[in-house]
Amino acid sequence: MPNKILVVDADSASRGFIVQKLLGQNNEVIEAGSGKEGLILAWRDRPELIIADPTMTDLRGEDFAKKLKNDARTAQVPLIALSSDSNPERIKACLKMGFNEYITKSGQAVPLLMSTIQRLLELDENAMKQGGKLIVFLSAKGGTGTSSLCANLALNLADVEPSARVAVADFVLPIGSIAPIVGYDGSVNIVHVADQLHRIVSAQSSLNQLPEMRDWKFNLLAGSPDPEMSNLLKVEHMWDIVTSLKQAYDYVLIDIGRSLSKITLPLIQHADLVTLLISTDTSTLSLTKILLDYLKNKGVQEDSIYTILNRAAGLEGLSKAEAQSKLGITINATIPYLNTNLAFANSQHQPFTSKFPHDTAGVIFREIAKDMVGKREKLAVT
Ligand SMILES: Nc1ncnc2c1ncn2[C@@H]1O[C@H](COP(=O)(O)OP(=O)(O)O)[C@@H](O)[C@H]1O
Ligand SMILES: [Mg+2]
């Protein structure tokens, strides 16, 4: 995957040289000849990494770094200083003000620069590979039962693995719906946490101590409570929120709903299991087919997808066999129409199995949770 890199250097010959080297490594490169132009491009074009010569004509390099690190859009973007100034005091000042690395322009600069870029970008990828397991829930259409099942399967997962810490995060925009299902009306939500993330320590501790939903046996990172809040969401911090959650919990379940976007796609690509909710009406099926083809195209492995056919609408619709052949995949689990019972349990903020302990669907939920854990483990081995 090419990385988008911004190069800021007042010396056009030096800048051109670095740009050529980066292009040769298949990167996408944007360039700026001044500090101010660099800031504008960094905030507008959102590079994944920035290389800047701190000796600038219009700004102090230190101030340039400080501005980037204090802005939510670029706070997490790795910043490398590449300079002919080898004064130790200057190096110290630059590193203090936000440059992650300082490389002096010399014969060895290019290989060092390349390995540094590699390391800084991989840090990000590696963080996602560590910690607990990531399970995302999505559907091609609203009303497919994604949120209800995310919450109820999270509870069942906690029951299947009593020693595991389970977190549920609601990434559905513009309004999350897990909080109303589980009856949480506190103020901790993704918008607040994302906003705190430039103060990494406070964000980390709020992610560690997410409110506990006692009846549900999981900790919740609630979604945006309304569209107004959703507009304030610092989406560039979603990745770091997930890597921090993985540090703190054994299972991180994320309700993505049908909010497939530039922000949620990388999470789907890095998930240990992608739970796809399907209903059997023709319109959902054709949307699901498009979604599946798209995900495959984006490198999501078919066997990391766990498909659940959920008869949320009560219409018989197509049979499981018909759905499978239309989608060209195997359906892993089926949930029958539960009448108004699931909606009723949701409205009482209770897990389905607590509200209707004798309903056989409770057994199905439990089996699905077990099966998901099993499938995940099988994937981890192969
Ligand atoms: N198998 C089912 N049987 C009956 N009702 C269901 C079933 N699955 C979901 N529902 C109901 O359908 C509605 C939409 O579910 P929800 O979980 O909000 O879907 P989504 O998050 O995909 O939009 C809710 O009222 C829910 O209780
Ligand atoms: Mg939903």
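Nothing here was measured: the structure is a model prediction, and the numbers come from that model.

**Re the overall build of the chain**
Along its length, the chain carries 17 helices and 13 strands. Considered along the principal axes of its C-alpha atoms, the chain spans approximately 75 × 45 × 40 Å. When the accessible surface of the chain is totalled, it reaches about 17,400 Å², and 51% of it is carbon and sulfur. One way to put it: in the chain the 39 positive side-chain charges average out to a point 1 Å from where the 42 negative ones average out.

**Overview of the sheet that holds strand E4 (residues 79-83)**
Pairing is parallel across the open sheet formed by five strands, whose spatial order is E2-E1-E3-E4-E5. Looking along the sheet, the strands with just one partner apiece sit at the ends: strand E2 (28-32) and strand E5 (101-104). Strand-to-strand, the axes of this sheet are offset by a mean angle of 20 degrees, without reference to chain direction. In this sheet, E2 lies alongside strand E1 (residues 4-8) in parallel orientation, the contact comprising five bridges. Across the sheet, residue Val8 finds its bridge partner in E2, namely Ala32. Against the sheet, helix H1 (residues 12-24) engages E1, E2, strand E3 (49-52) and E4, with an angle of about 170 degrees to E2. Against the sheet, helix H3 (residues 61-69) engages E1, E3 and E4, with an angle of about 170 degrees to E4.

**A short note on the sheet that holds strand E10 (residues 251-257)**
A sheet is described by the order of its strands in space; here eight strands give the open sequence E8-E9-E7-E10-E6-E11-E12-E13, paired in mixed fashion. The open sheet is flanked by strand E8 (212-213) and strand E13 (333-335), the only strands paired with a single partner. In the sheet, strand E11 (residues 273-278) pairs with strand E12 (residues 305-310) via five bridges, with the strands oriented parallel. The residue of E12 that forms the bridge with Ile278 is Leu309. Across the sheet, helix H6 (residues 146-160) is in contact with strand E6 (133-139), strand E7 (166-170), strand E9 (218-221), E10, E11, E12 and E13; its angle to E10 comes to roughly 170 degrees.

**Some details on helix H4 (residues 88-96)**
At the N-terminal end of H4, a side-chain oxygen is found 2.8 Å from the backbone nitrogen of Glu89, two or three residues along, and the residue is Asn87. Positive phi shows up at Gly98, right after H4, with a value of about 130 degrees.

**A look at the site of ligand 1**
Among the 18 residues in the neighbourhood of ligand 1, the closest are listed as Gly143, Thr146, Ser148, Asn310 and Leu338. Contact distances for ligand 1 include 3.1 Å between a nitrogen atom and a backbone N or O atom of Pro336. Within the backbone of Ala343, an N or O atom sits 3.2 Å from an oxygen atom of ligand 1. Burial of ligand 1 by the protein chains amounts to 79% of its free accessible area of 570 Å².

**Remarks on the nonpolar core**
Here is a general trend for soluble globular proteins: nonpolar side chains tend to be buried in one another's company. Within the largest apolar cluster, 46 residues are counted, with the highest numbers of intra-cluster contacts made by Val136, Leu138, Phe171, Leu221, Ile241, Leu245 and Ile254. Ranked by the residues each element gives to this core, the list is headed by helix H11 (residues 238-248), at six residues. Among the nonpolar cores identified, the runner-up in size contains 41 residues, and Phe137, Ala222, Tyr306 and Ala333 belong to it.

**Some remarks on the environment of Ala194**
As for its position among the elements, Ala194 is in helix H8 (residues 190-196). With 91 residues separating them along the chain, Ala194 and Leu285 place their C-alpha atoms 34 Å apart. Setting aside its immediate chain neighbours within four residues, Ala194 contacts Leu233, Lys234, His237 and Ile241.

**Notes on the domain arrangement of the chain**
If you check the domain split of the chain, you get domain 1 (4-126) and domain 2 (132-381). Facing the seven residues of domain 1 at the interface are nine residues of domain 2. Taking both partners together, domain 1 and domain 2 bury about 650 Å²; carbon and sulfur atoms supply 45% of that area. If you look at where domain 1 meets domain 2, you find zero salt bridges. Applying the counting criterion to the domain 1 and domain 2 interface returns one residue pair in polar contact (both at pLDDT 80 or more). Partitioning the side of domain 1 that touches domain 2 into residue classes produces two nonpolar, one polar and four charged.

**A short note on unusual backbone geometry**
Of note, the amide linkage connecting Leu173 to Pro174 takes the cis form, showing an omega dihedral of 5 degrees. In this fold, Pro174 is placed in the loop between E7 and helix H7 (178-182). Of note in the backbone geometry, Asn26 takes a positive phi value of approximately 70 degrees without being a glycine. Relative to the helices and strands, Asn26 is located in the loop between H1 and E2. In this structure, Asn339 takes a positive phi of about 60 degrees despite not being glycine.

**What to know about the pairing of E9**
The two faces of E9 match: Phe218 and Leu220 on one face and Asn219 and Leu221 on the other face are all buried. Bridging between E8 and E9 involves two bridges; their strand directions are antiparallel. Its bridge partner being in E9, Glu212 is matched across the sheet by Asn219. The loop that links E8 with its antiparallel partner E9 comprises four residues; one of these, Lys217, has a positive phi angle of about 60 degrees.

Each value, and the rule that gives it
Residue numbering note: each chain is counted from 1, following its sequence as written. Chains and ligands are labelled sequentially in the order written, the chains with letters from A and the ligands with numbers from 1. Owing to the predicted nature of the model, reporting of local features is limited to residues with pLDDT of at least 70; listing and counting of side-chain atom pairs is limited to 80 or more, with chain, interface and lining totals taken over all residues. Excluding hydrogens and water, the side-chain values take into account all heavy atoms of the structure. The way it works is that DSSP assigns letters per residue, a run of H or I at least four long becomes a helix, a run of E at least two long becomes a strand, and they are numbered from the N terminus. Shrake-Rupley sampling with a 1.4 Å probe provides the accessible areas, and residues are treated as covered by the protein chains on show and by no other component. Neither His nor the chain ends contribute to the count of charged residues, in which Lys and Arg are positive and Asp and Glu negative. Where a charge sits is defined by one atom per residue type, namely NZ (Lys), CZ (Arg), CG (Asp) or CD (Glu). Each pair of strands is called paired provided DSSP finds at least two bridges between the two strands. Orientation is described by axes fitted as lines to C-alpha atoms, over the contacting stretch for helices, and by angles from 0 to 180 degrees between their N-to-C directions. By definition in these notes, contact holds between two residues if any of their heavy atoms fall within 4.5 Å. Polar contact criterion, stated in full: a pair of N or O atoms within 3.5 Å, where within protein one must be able to donate a hydrogen and the other to accept it, and residues adjacent in sequence count only if both atoms are side-chain atoms. We call a residue near a molecule or strand as soon as one heavy atom of that residue lies within 4 Å of the molecule or strand. Definition of nonpolar core: a set of buried residues of the types Ala, Val, Leu, Ile, Met, Phe, Trp, Tyr and Cys, connected through side-chain atoms within 4.5 Å. Think of it in three bands: with a 1.4 Å probe and only protein chains considered, a residue is buried below 20% of the maximum accessible area for its type, exposed above 50%, and partly exposed in between. Each domain's limits were defined by an automated method or a database of domain assignments. A quick way to say it: buried area is the sum, across both parts, of accessible area lost when two parts are put together, with a 1.4 Å probe. The term salt bridge refers to a pairing of a side-chain nitrogen on Lys or Arg with a carboxyl oxygen on Asp or Glu at a separation within 4 Å. Note that Gly is not counted as nonpolar here; it falls among the polar residues with everything else outside the nonpolar set of Ala, Val, Leu, Ile, Met, Phe, Trp, Tyr, Cys and Pro and the charged set of Asp, Glu, Lys and Arg.

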